[in-house]
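So the chains spell out like this:
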Amino acid sequence: MSDFDRRYKSAIDEAAMAGLTGNRCDPPVNKLARKLGFQVPPSYYAPFGTNVLLQGVWFGTIWGVLMYFLVWQDQNMPPLGIALSFIGTGTIFGVLMSYLYLSGRKRYKLSKWDDL
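The rules behind these values
- Residues numbered from 1 in each chain as written.
- Predicted model: local features only at pLDDT ≥ 70, side-chain atom pairs only at ≥ 80, totals over all residues.
- Heavy atoms only, no water.
- Core = buried A, V, L, I, M, F, W, Y, C linked by side-chain atoms within 4.5 Å.
- Buried < 20%, exposed > 50% of the residue type's maximum accessible area, 1.4 Å probe, protein only.
- Helix = DSSP H or I, 4+ residues; strand = E, 2+ residues; numbered from the N terminus.
- Contact = heavy atoms within 4.5 Å.
- Bend = angle between axes of the 7 residues up to and from the residue.
- Salt bridge = Lys/Arg side-chain N within 4 Å of Asp/Glu carboxyl O.
- Patch = residues over 30% accessible without salt bridge, like charges linked within 9 Å, V, L, I, M, F, W, Y side chains within 5 Å.
- Areas by Shrake-Rupley, 256 points an atom, 1.4 Å probe, with all protein chains shown as cover.
- Phe/Tyr/Trp six-rings, centres within 6.5 Å; stacked < 30°, edge-to-face > 60°.

Asker: Could you clarify how one ought to interpret the nonpolar core in this entry?
Answerer: The tendency in soluble globular proteins is for nonpolar side chains to be buried side by side. Counting residues in hydrophobic clusters, the biggest one holds eleven residues: Phe4, Ala11, Ala15, Leu20, Cys25, Tyr44, Tyr45, Tyr101, Leu110, Trp113 and Leu116. At three residues, the largest contribution of residues to this core is made by helix H1 (residues 3-17). In contact with Leu110, other than residues within four places in its own chain, are Glu14, Ala15, Ala18, Leu20, Tyr44, Tyr45 and Arg105.

What follows is the structure, given as structure tokens:
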């Protein structure tokens, strides 16, 4: 068992004891990143920047594609406007989610990833 795997198991066990189970502790985007070969800890244990990137990229991309097909395509919105909109939206969402995970880690008295 690698060091990452040991820490991951400890993190999941600790989070479960605090009442955080399933997707609440380890969202599907983190699981997908791990399946793609990235060593991503559960969200409450991941660094702030990692959460911003993971949460922001998936949300911004899905939101941008939906907005394009549902609204912007008919408005002939320029590509730069589309790109700036979904990057900005993804960034805002990522920062907010990262803050929620950081404050949740303190509220549930979870260990830091390096301490596991």
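Asker: Help me out: how do you make sense of helix H3 (residues 48-75) in this one?
Answerer: At Tyr68, H3 shows its largest kink, close to 55 degrees. Taken together, the buried positions of H3 are occupied by Asn51, Val52, Leu54, Gln55, Gly56, Gly60, Gly64 and Trp72. Elements in contact with the buried residues of H3: helix H2 (28-35) and helix H4 (79-107). Immediately downstream of H3, the backbone of Asn76 shows phi near 55 degrees, a positive value.

Asker: When you look at the pattern of salt bridges in this model, what are you seeing that I'm missing?
Answerer: Pairing is possible between side chains that carry opposite charge, provided their charged atoms lie close to one another. Under the counting rule described, the total for this entry stands at five salt bridges. With its nearest N and O atoms 3.5 Å apart, the salt bridge here joins Arg7 to Asp3. One end of the pair is Arg7 and the other is Asp3, both in helix H1 and four residues apart, which spans about a single turn. Among the residues examined, Asp3 registers a relative accessible area of 42% and is labelled partly exposed. Taken together, the shared-partner salt bridges connect Asp3, Arg6, Arg7 and Asp114 into one network.

Asker: Looking at this model, I keep getting lost on a nonpolar patch on the surface. Mind explaining?
Answerer: Taken together, the side chains of Phe48, Val95, Tyr99 and Leu100 make up a nonpolar region of the molecular surface, amounting to roughly 380 Å² of accessible area. When residues in the nonpolar patch are grouped by element, the largest group, three residues, is from H4. Within the fold, Tyr99 resides in helix H4. By relative accessible area, Tyr99 is classed as exposed at 52%.

Asker: What should I look at first to understand the environment of Ala11 in this one?
Answerer: You can see Ala11 is positioned in helix H1. Judged by relative accessible area, which is 0%, Ala11 ranks as buried. Sequence separation between Ala11 and Asp26 is 15 residues, and the spatial gap between their C-alpha atoms is 10.0 Å. In this structure, Ala11 is in contact with Pro42, Tyr45, Trp113 and Leu116, ignoring residues within four places of it in sequence.

Asker: Please explain the environment of Gly88 as it appears in this structure.
Answerer: Mapped onto the fold, Gly88 is located in helix H4. Look at Gly88 and you get partly exposed, because its relative accessible area is 26%. The spatial distance from the C-alpha of Gly88 to the C-alpha of Ala33 is 22 Å, given a sequence separation of 55 residues.

Asker: I tried to follow the packing of aromatic side chains on my own but got confused; where do I start?
Answerer: Following the criterion strictly, the structure yields nine aromatic pairs and no others. Between the aromatic rings of Phe4 and Tyr8, the centroid separation amounts to 6.2 Å while the plane-to-plane angle is 20 degrees, which identifies the pairing as stacked. Taken as a pair, Phe4 and Tyr8 lie in helix H1 at a separation of four residues, close to a single helical turn. When its relative accessible area of 13% is taken as the criterion, Phe4 is described as buried.

Any link to function would need more than the numbers given here.
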